[in-house]
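Structural characterization, general
Each chain, written out:
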Amino acid sequence: QVQLVESGGGLVQPGGSPRLSCAASGSIFTIAGMGWYRQAPGKQRELVATITSGGKTVYSDSVKGRFTVSRDNAKNTVYLQMNSLKPGDTAVYYCNAAIQSRIGMRVQDYWGQGTQVTVSS
């Protein structure tokens, strides 16, 4: 079994710089891609940023230049450093990972439970 657990969300003032973390645990052999998605009330879930095991990153235009995604492969953890937050960044942020399990060696997507980020003064 594999689990993803996010942390670091909360109430942040505009311009704030929180960092989100997502730790994967369980019967993990390798983790290919890891990333972050977000969903605001009444809207569809959208890509925020992704990073491969080799460190290649992809960002949505709305966060490019403000957010930075990184990962610690030894800890099976991905991070999202969020800078210059705007009210429009308010959403539930979800961690996503493509993981090859030691049980059966199958690669499949996993999702975290989500962490709320609210940007308000």
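Described below are features of the structure shown in this document. (Residues numbered from 1 in each chain as written. Predicted model: local features only at pLDDT ≥ 70, side-chain atom pairs only at ≥ 80, totals over all residues. Heavy atoms only, no water.)

**Focus: the overall build of the protein chain**
The helix and strand tally for the protein chain stands at 0 helices and 11 strands. When the helices and strands of the protein chain are listed from N to C terminus, the series reads β-β-β-β-β-β-β-β-β-β-β. Seen through its principal axes, the protein chain has C-alpha atoms that stretch 50 × 25 × 25 Å. Across the 121 residues in the protein chain, those meeting the buried criterion constitute 41%. Here the analysis covers contacts within the protein chain between residues at least 6 apart in sequence; of these, 56% occur between residues at least 24 apart. Counting only carbon and sulfur atoms, one obtains 48% of the accessible surface of the protein chain, whose full area is about 6,400 Å². Taking the 12 positively charged and 6 negatively charged side chains of the protein chain as two groups, their mean positions are separated by 3 Å. (Helix = DSSP H or I, 4+ residues; strand = E, 2+ residues; numbered from the N terminus. Buried < 20%, exposed > 50% of the residue type's maximum accessible area, 1.4 Å probe, protein only. Contact = heavy atoms within 4.5 Å. Areas by Shrake-Rupley, 256 points an atom, 1.4 Å probe, with all protein chains shown as cover. Lys, Arg positive; Asp, Glu negative; His and termini not counted. Charge placed at Lys NZ, Arg CZ, Asp CG, Glu CD.)

**A short note on the pairing of strand 1 (residues 2-7)**
Only one face of strand 1 is covered, namely the one carrying Val2, Leu4 and Glu6; the face carrying Gln3, Val5 and Ser7 has none of its residues buried. Here strand 1 pairs with strand 3 (residues 19-26) via 6 bridges, running antiparallel. Each bridged residue has a counterpart across the sheet, and for Val2 the counterpart in strand 3 is Gly26. (Pairing = 2+ DSSP bridges.)

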